[in-house]
Amino acid sequence: MSKPSRRNPSARRAGPPRRRPGWLWPTLGVATSLAAMGLYLVIGPGAARSRASDPSRAVTAAPVVHEVVAENHPGSATDEPSSSPESPSKNPPGPAPEGMAWIPGGTFLMGSTDGTMRDALPVHEVTLDGFWMDRTEVTNRQFERFVRETGYRTVAERPPDPKDFPGAPPENLVPGSLVFTPPVGKVSLDEPYSWWRYVPGADWKHPEGPGSDLAGREDHPVVHVCWDDAIAFARWAGKRLPTEAEWEYAARGGLEGKRYVWGDEFRPEGRWRVNNWQGPFPIGNTAEDGYPRTAPVGSFPPNGFGLVDMAGNVWEWCADWYRPGYPSGPRKDPRGPDSSDDPNEPGIPKRVQRGGSFLCSDLYCTRYLPGARGKGATDSGASHTGFRCALSPRRTHEGRPR
Ligand SMILES: [Ca+2]
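Conventions used here
Residues numbered from 1 in each chain as written. Predicted model: local features only at pLDDT ≥ 70, side-chain atom pairs only at ≥ 80, totals over all residues. Helix = DSSP H or I, 4+ residues; strand = E, 2+ residues; numbered from the N terminus. Buried ≥ 20, exposed ≤ 12 C-beta atoms within 10 Å, placed from the backbone. Contact = placed C-beta atoms within 7 Å. Pairing = 2+ DSSP bridges. Core = buried A, V, L, I, M, F, W, Y, C linked by C-beta atoms within 7 Å.

A.B. asks: Just give me the short version of the overall build of the protein chain, but keep the residues and values in it.
C.D. replies: Scanning the protein chain for helices and strands turns up six helices and 12 strands. With 402 residues in all, the protein chain has 49% of them scored as buried. Excluding contacts between residues fewer than 6 apart, the proportion of contacts in the protein chain whose partners are at least 24 apart in sequence is 75%.

Dropping the structure here:
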């Protein structure tokens, strides 16, 4: 599914954006224009062009962000996945850290031959060492503890930096995030900006914006977290984000060439296996699986490795930069490209997301399938974006992960 980003006004898709006199943010709808999206609404078209339309950004943005991340997260190199020239480690090095499952080392075919997922080609052989993986997506309860102990403020809670949006009126630099908002009437499925609204005040504690809260959602996956937020949590937890290869290998659960993470039948024995979308998208979610938005983690059966929600519920950040396609040939513990490039939105540094969300369905977005790929701007979360963590075996005894 193509997703808007916090920083991206979607100007390229929308054509030249139209200036809206008076910055009528509070009264603007989202279905009237693709330009009515993201921070463009609250910041302005000049700033938008500086990020999305300046070709020079395409060659500078990714390294800049990489440096910023390295600066903000010193020592991140020690969190990288292990890579051993020896045979992949099959057996766990010790007892499982709380909430984690051992993913035995092995070789699998990474990618997808689905004709709609050309960025997941070529299918290629990947060999991985064993590693630990969180059984569930990081929950609101877990993220609350992280915030309570560290005082961390997510990117969505911070005012956008004026340096990123030169010329923007200060009153428009307001914290917020993207919230799925079903349109009133039928819209084109080619216009995802029709169902995404930039909501001031939306953040992980307020998933639908001011007035919403986490009551009863303590065990739902945390959302509105961007890649930088996920990295901050992972470091606090003594863990790291999974590489994209690790994520896909773990999602497949030991199965080979299956359509879903649980097999080839969508509803074996009539049981729902994934929190996704039922009914006409994006206006009529019948929620036959029981959940119109996020579901408590583990509401559906685990895959072969004991992991839950490796399809649907929320997108999950991976460590890798996003570029369409893979290098050909076999790989050992790949860590992705050195920089980002999304031809659809050049100049917007993006990391890989995996697993799809509660918005996916076979009628619109099948990117909850195990070989499918997603992507997101590093500073953009949304109401369907979360993550889970991984841990290298050699790190298991270097400190007790939270
Ligand atoms: Ca659902």
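There's more to say after this.
A.B. asks: Give a detailed account of the sheet that holds strand 8 (residues 331-332), specifying residues and quantitative values.
C.D. replies: The mixed open sheet is built from three strands, whose spatial order is 2-3-8. Each having just a single partner strand, strand 2 (106-110) and strand 8 make up the two edges of the open sheet. Summarising the sheet, strand 2 and strand 3 (residues 124-128) pair through five bridges and their orientation is antiparallel. Residue pairing in the sheet places Phe108 in a bridge with Val126 of strand 3.

A.B. asks: Before we move on, can you summarise helix 6 (residues 244-252) with the specific residues and values?
C.D. replies: Judged by how many residues are buried, helix 6 sits mostly within the fold: nine of nine residues are covered. Positive phi appears at Gly253, one or two residues downstream of helix 6, with a value of about 60 degrees.

A.B. asks: Describe helix 5 (residues 227-237), with residues and values.
C.D. replies: An α-helix turns once per 3.6 residues; consequently, residues spaced three or four apart project the same way. Counting buried residues in helix 5 gives eight out of 11 residues, a clear majority hidden from the surface. Within helix 5 the residues assigned to the buried category are Trp227, Asp228, Asp229, Ala230, Ile231, Ala232, Phe233 and Ala234. Of the residues one or two after helix 5, Gly238 is the one with positive phi, at around 75 degrees.

A.B. asks: Could you give me a rundown of the nonpolar core, with the residues and numbers involved?
C.D. replies: Ranked by size, the top nonpolar core spans 77 residues in total, and within it Ile103, Met133, Ala230, Leu241 and Ala250 carry the most contacts. With six residues, helix 5 is the single largest residue contributor to this core.

A.B. asks: A description of the sheet that holds strand 10 (residues 374-377) should follow, citing residues and the corresponding values.
C.D. replies: Two pairing modes exist for strands in a sheet, parallel and antiparallel, and in both the strands are linked by backbone hydrogen bonds. Spatial strand order, 10-9-7-11: four strands in an open sheet with mixed pairing. Looking at which strands have only one partner, the edges of the open sheet turn out to be strand 10 and strand 11 (385-386). Looking at chain direction, strand 9 (residues 350-354) and strand 10 are connected through four bridges and run antiparallel. In the strand pairing of strand 10, Arg351 is matched with Gly376.

A.B. asks: I'd like a description of the environment of Pro280, backed by residues and values.
C.D. replies: Relative to the assigned elements, Pro280 resides in the loop between helix 6 and strand 7 (315-321). Expressed as a C-alpha distance, the spacing of Pro280 and Lys186, which sit 94 residues apart in the sequence, is 9.4 Å.

Take it as geometry only, folks, not as evidence of what the structure does.
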